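The residues making up each chain are set out below.
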Amino acid sequence: MAQTITQDRGKKKAFESKDVELKNVFKFFNKEPAICGINLDIRQGEFFSILGPSGCGKTTTLRLIAGFERANTGNILIQGQSMSRVPAYRRPVNTVFQSYALFNHLNVWDNVAFGLRLKRISKKELKARVLEVLELVKMEGLRSRYPSQLSGGQQQRVALARALVNRPAVLLLDEPLGALDLKLRKEMQVELSNLHRELGLTFVMVTHDQEEALSLSDRIAIMNQGRIEQIGQPAEIYEFPQTPFVADFIGDTNLFEGEIVGANNEEIAILTKAGIKIIVSRQKDTNLVVSKSVSVSVRPEKIQLSLYRPSIKNNCFEGRLVNTMYMGTHVNYVVELNKSLRVNVRQPNTEGSLPNSDMPIYAWWSEADCLALQN
Ligand SMILES: Nc1ncnc2c1ncn2[C@@H]1O[C@H](COP(=O)(O)OP(=O)(O)OP(=O)(O)O)[C@@H](O)[C@H]1O
């Protein structure tokens, strides 16, 4: 009996071997560097996302893996094999584009079958494989429709089916949900996650939507100006960003630039440019020493507010509440600590929410809830 796509990969999260490796890859366009020495290992069965601001090189990285671009130097391996002489159409990958790239003159069935018809497989197998992927993306009922008769989400499902029908080892997704409205995007995120779990394939997704990357991925690479700033699991990236850029890019944070003025085994004292002194619990494996230039990151949800001075010694500042914004599930506050320093605070929406006024207020946070990051 012919293997099915799910049996092929055995519904497992393998993770033990590498499906995609980038070794010191550089890519220039008109002598301008787009990718500057990327090293990356993507494990078999992982949902791996590449996240970063516009123009940082996410799509170029994906296109290099797909074979649509050639690296100037460095090497790319897929399942242990160097791709330097392998053209795009012979690589064991398939790409799903944000624009879907469906053939408008072909119906759903023929769009999905198109690639297989170019291969020498029997009619029976072709039929079985097309049907299997259409069922997988829940589009078998609309097999006779043309792309113009489908919603954005349905077109994206067909695009997924068309990529999966070739049974790639690695599915590359370039902003796959970027063209969908918010509600549909959320629905499709769940479907993408289910599909990944069901198939056990390696997914490599490019996105600039941090929430999407955090919620879907096993690991994320954060890119900035052609380089990878950090690779890690979503919680690791959010809770322990390694650079000011990552702290600022992922979620909201308050960043205080300053210099280390004291350090012992437990704590680091930082005098910020804005004139406040912050005490940070010492993190593992850091070489943060006196006179190093750092940025302290404090997430808005880690800052507490009260009308009376709390009985804590460090990181407690008297300020003035200058803005209150009701956000439904939570309330955002802006507190001015001094003329050149404002902090953003986020608290759950409870009945006792503070009013918006010019009142004096205390803002504080624990030493363990802030991070010192080298500039
Ligand atoms: N074909 C090309 N010719 C010249 N420059 C290019 C080409 N493709 C990409 N670039 C440049 O390389 C850099 C990285 O582009 P890339 O499309 O990879 O970024 P990105 O992170 O995917 O951005 P976005 O999120 O806006 O799609 C940019 O400065 C871009 O202008």
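Residues numbered from 1 in each chain as written. Predicted model: local features only at pLDDT ≥ 70, side-chain atom pairs only at ≥ 80, totals over all residues.

- For the protein, an unreviewed UniProt entry supplies the name Spermidine/putrescine import ATP-binding protein PotA and the organism Mastigocoleus testarum BC008.
- The Sequence similarities (unreviewed entry) field of the UniProt record for the protein holds the comment "Belongs to the ABC transporter superfamily. Spermidine/putrescine importer (TC 3.A.1.11.1) family."
- Quoted straight from UniProt, the Subunit (unreviewed entry) entry for the protein says "The complex is composed of two ATP-binding proteins (PotA), two transmembrane proteins (PotB and PotC) and a solute-binding protein (PotD)." (UniProt positions renumbered as here; feature names shortened; annotations may be inferred.)

Observations concerning helix α4 (residues 123-136)
- End to end, α4 covers 20 Å across 14 residues, agreeing with the expected 20 Å (1.5 Å per residue, within 8%).
- Note on α4: the residue one or two positions beyond its end, Lys138, has a positive phi of about 60°. (Helix = DSSP H or I, 4+ residues; strand = E, 2+ residues; numbered from the N terminus. Expected span 1.5 Å × (residues − 1).)

Structural notes on the UniProt feature "domain: ABC transporter" (unreviewed entry) in the protein
- Listed under "domain: ABC transporter" (unreviewed entry) in the UniProt record, and renumbered for this structure, are residues 20-250.
- Across residues 20-250, helical content stands at 36% and strand content at 27%; the span's end C-alpha atoms are separated by 25 Å.

Focus on the domain arrangement of the protein
- Per the domain assignment, the segments making up the protein are domain 1 (5-239) and domain 2 (252-374).
- Here domain 1 and domain 2 have C-alpha centroids that lie 40 Å from each other. (Domains from an automatic or database assignment.)

A closer look at the site of the ligand
- The local shell around the ligand consists of Phe29, Asn30, Ala34, Gly52, Ser54, Gly55, Cys56, Gly57, Lys58, Thr59, Thr60 and His208.
- The greatest single-element share of the shell around the ligand, amounting to three residues, is contributed by helix α2 (residues 58-66).
- Class assignment of the residues belonging to the shell around the ligand gives a composition of three nonpolar, eight polar and one charged. (Near = placed C-beta within 6 Å. Nonpolar A, V, L, I, M, F, W, Y, C, P; charged D, E, K, R; others polar.)

So, the pairing of strand β16 (residues 316-326)
- When β16 meets strand β19 (residues 360-364), the two strands line up antiparallel, connected through five bridges. Counted as the bridge partner of Cys316 is Trp364 from β19.
- The sheet contact formed by β16 and strand β17 (residues 330-338) spans six bridges and is antiparallel. The partner of Leu321 across the bridge, within β17, is Val335.
- Where β16 folds back on β17, the antiparallel hairpin that results is connected by three residues, among which Gly328 adopts a positive phi of roughly 90°. (Pairing = 2+ DSSP bridges.)

Concerning the sheet that holds β16
- Here five strands make up an open sheet; going across it, the order is β15-β19-β16-β17-β18 and the pairing antiparallel. Looking along the sheet, the strands with just one partner apiece sit at the ends: β15 (304-306) and β18 (341-348). Along the sheet, successive strands turn relative to each other by an average axial angle of 40°, direction set aside.
- Where β17 and β18 come together, eight bridges link them in antiparallel fashion. Note that in β18 the partner of Tyr333 across the bridge is Val345. (Axes fitted to C-alpha atoms, helices over the stretch in contact; angles between N-to-C directions.)

Considerations on the sheet that holds strand β2 (residues 32-43)
- The antiparallel open sheet is built from four strands, whose spatial order is β2-β1-β4-β5. Strand pairing shows two members of the sheet lacking a second neighbour, β2 and β5 (81-82), which therefore form its edges.

Considerations on the packing of helix α3 (residues 108-117) against helix α5 (residues 152-164)
- Interhelical geometry of α3 versus α5 gives an angle of 25° and a closest axis separation of 8 Å. One element, α3, and the other, α5, form an angle in the roughly parallel class. Relative to α5, α3 is oriented so that their crossing is right-handed. Only Val158, Ala161 and Arg162 of α5 make contact with α3, whose side of the interface consists of Val108, Asn111, Val112 and Gly115.
- Along the lines of polarity and charge, the residues of the contact of α3 with α5 split into four nonpolar, two polar and one charged. (Parallel < 35°, antiparallel > 145°, perpendicular 65-115°, else oblique. Left-handed = near helix turned anticlockwise from the far one by under 90°. Contact = placed C-beta atoms within 7 Å.)

Observations regarding unusual backbone geometry
- One non-glycine residue, Gln79, lies in the positive phi region at around 50°.
- Tracing the chain through its elements places Gln79 in the loop between β4 (73-78) and β5.
- Judged by the 17 C-beta atoms lying within 10 Å of it, Gln79 is partly exposed.
- A positive phi angle, near 50°, is found at Gln225, a position not held by glycine. (Buried ≥ 20, exposed ≤ 12 C-beta atoms within 10 Å, placed from the backbone.)

Observations regarding the nonpolar core
- Formed by 87 residues in total, the largest nonpolar core has its most connected members in Val112, Val133, Ala161, Leu171, Val204, Ile222 and Val296.
- Taken domain by domain, this core gets at least three of its residues from each of domain 1 (5-239) and domain 2 (252-374). (Core = buried A, V, L, I, M, F, W, Y, C linked by C-beta atoms within 7 Å.)

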